[in-house]
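# Chain and residue survey
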Amino acid sequence: TKPPVRIVISGAAGQICYSLLFRVAQGDVFGPDQPVILQLLDVPQAMDAVRGVVMELEDCAFPLLADVIITDDPMVAFKDIDAAMLVGSRPRSKGMERRDLLAANAAIFKTQGAALDAVAKRDAKILVVGNPANTNAWILAQSAPGFPAENITSMIRLDHNRAQGQLAAKAGVGVDAITKLVVWGNHSPTMFADWGNAELDGQKLADRIGDEAWYRETLIPTVAQRGTAIIEARGASSAASAANAAIDHLRDWVHGAGDNWVSMGVVSDGSYGIPQGLVCGVPVHCKSGGYARIEGLILDPFQRTMLDRTIAELVDEREAVIDILK
Ligand code: NDP
């Protein structure tokens, strides 16, 4: 058997992890023959709840689950990791300003960045899920100068999957039939679900659906407001679908996604007018344990405006947290 891989998962006592941990332990990320060690991180007051979840993990008797570590210390949690799913983040509490929320999370990710830098393997694959995910990932990268920034990513896959599902339903086809879909930008209502390059059976999806007004006035806002719609219907935020998107993101990065494009928040190389260093959702190819940005797409004025709007929000968020790094 293979030696186990180590993954740190933060926010282990939370809702998303209540779905996520079981799927990782079952092999949904690393594969059916790859043992895994879960290194679970949460805040001190959540340790009892984490212990409860770990009892349930034990009761599943997952053959691939080689060990579970529970800790509130990032230096323990990030030790020798091959991968990270950073789900834990500070939720907005009553009366809290957006700026305060950004700052509270920036402090968390600054500490975790230092631990990542100090004790993680250099080729570890890092995925930030906890919001504001893109800016948290940016802080993490800034706080881990000795760690390769291209290995730090943020999740936009849930928006990608949501758009894929809505478009497939509209076209009356299975989700797999739609390719080259992109979700650009911030994981926030400004994100841009872009069907400009998308294809269905090798034809332009936009031509097949033939309803530009539906795309602009229904699809884009539906995807952007999907999280709110789920909260209203369920009385709780989406958790299983967020966990699923995190699994899709990391599994594709580890194992590849064939010729298809997927959307990932990655550190910008300056292309598409995205300021260098900003963590922004872009289209990528995942192949043999790495990802490559899809280059050279020509954006029309609508695409440009939509991308610029979400970039502007990311730049604002960066401005709001930059002092934390001093
Ligand atoms: P969830 O498990 O529901 O969500 C965790 C984070 O994921 C939130 O920031 C949430 O952002 C974000 N998220 C991203 N995409 C989605 C989505 N589609 N739907 C819902 N959430 C999404 O939060 P809980 O409050 O249940 O649990 C959080 C856990 O994190 C707690 O156990 C807490 O103790 C822990 N924590 C750990 C820290 C650490 O390890 N240092 C620091 C702070 C908290 P959104 O704001 O949009 O809901």
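Remember, predicted model here, so these are calculated numbers, not experimental data. (Residues numbered from 1 in each chain as written. Predicted model: local features only at pLDDT ≥ 70, side-chain atom pairs only at ≥ 80, totals over all residues. Heavy atoms only, no water.)

Helix and strand content of the protein chain: 11 helices and 14 strands. Against the 2.2 N^0.38 benchmark of 20 Å for 326 residues, the protein chain shows a C-alpha radius of gyration of 19 Å, consistent with a compact globule. Principal-axis analysis of the C-alpha atoms places the extent of the protein chain at approximately 55 × 45 × 40 Å. Evaluated residue by residue, the protein chain yields a buried proportion of 51% over its 326 residues. Summarising the internal contacts of the protein chain: among those between residues at least 6 apart in sequence, 74% fall at separations of at least 24. Of the roughly 14000 Å² of accessible surface on the protein chain, 51% is carried by carbon and sulfur atoms. Here the protein chain holds 30 positive side-chain charges and 39 negative ones, and the gap between their average locations is 2 Å. (Helix = DSSP H or I, 4+ residues; strand = E, 2+ residues; numbered from the N terminus. Rg over C-alpha atoms; globule rule 2.2 N^0.38 Å. Buried < 20%, exposed > 50% of the residue type's maximum accessible area, 1.4 Å probe, protein only. Contact = heavy atoms within 4.5 Å. Areas by Shrake-Rupley, 256 points an atom, 1.4 Å probe, with all protein chains shown as cover. Lys, Arg positive; Asp, Glu negative; His and termini not counted. Charge placed at Lys NZ, Arg CZ, Asp CG, Glu CD.)

What follows concerns helix H10 (residues 240-255). The terminal C-alpha atoms of H10, which comprises 16 residues, lie 22 Å apart, in line with the 22 Å expected from a rise of 1.5 Å per residue. Within two residues after H10, Gly256 carries a phi angle of roughly 90 degrees, on the positive side. (Expected span 1.5 Å × (residues − 1).)

The next subject is the UniProt feature "active site" (unreviewed entry) in the protein chain. UniProt's entry tags His187 with the feature "active site" (unreviewed entry), counted in the numbering of this structure. Of note, His187 is situated in the loop between strand E8 (182-184) and strand E9 (192-194). If near-sequence neighbours (up to four positions away) are discounted, His187 is found in contact with Asn131, Asn134, Met155, Ile156 and Asp159. (UniProt positions renumbered as here; feature names shortened; annotations may be inferred.)

Let's shift gears to the pairing of strand E5 (residues 125-128). On E5, burial covers both faces: Lys125 and Leu127 on one face and Ile126 and Val128 on the other are all buried. Note on the crossover from strand E4 (residues 83-86) through helix H4 (residues 98-119) to E5: the handedness is right-handed. Bridging between E5 and strand E6 (residues 152-154) involves three bridges; their strand directions are parallel. For Val128, the partnering residue across the bridge sits in E6 and is Ser154. Read from E5 through helix H5 (residues 133-142) to E6, the crossover connection turns out right-handed. (Right-handed = clockwise from strand over helix to strand, strands pointing away. Pairing = 2+ DSSP bridges.)

With that settled, consider the site of the ligand. Taken together, 25 residues surround the ligand, and among them Gln15, Asp42, Ser89, Leu158 and Ser238 come closest. Here an oxygen atom of the ligand and a backbone polar atom of Gly14 are 3.4 Å apart. Asp42 places a polar side-chain atom, nitrogen or oxygen, 2.5 Å from an oxygen atom of the ligand. Notes on the ligand: free accessible area 900 Å², of which the protein chains cover 77%. Mapped by element, the contributors of at least two residues to the shell around the ligand are helix H1 (15-26), H4 and helix H6 (157-171). When grouped by side-chain class, the residues that make up the shell around the ligand number 10 nonpolar, 12 polar and three charged. (Near = heavy atom within 4 Å. Polar contact = N/O pair within 3.5 Å; in protein donor to acceptor, adjacent residues only side chain to side chain. Nonpolar A, V, L, I, M, F, W, Y, C, P; charged D, E, K, R; others polar.)

A separate point is the sheet that holds strand E11 (residues 203-204). The strand order across the open sheet formed by three strands is E7-E10-E11, and the pairing between neighbours is antiparallel. With one partner strand each, in any of the chains shown, strand E7 (178-179) and E11 form the two edges of the open sheet.

Turning our eyes to something else, we now look at the UniProt feature "binding site: substrate" (unreviewed entry) in the protein chain. According to UniProt, the positions carrying the feature "binding site: substrate" (unreviewed entry) are Arg92, Arg98, Asn131 and Arg162. Of the residues just listed, which span 71 residues, the most distant C-alpha pair is 25.3 Å apart, and they do not cluster in one region. Looking at where Arg98 falls in the secondary structure, it is placed in helix H4. Note on placement: Asn131 falls in the loop between E5 and H5. Setting aside its immediate chain neighbours within four residues, Asn131 contacts Ser89, Asn105, Asn136 and His187.

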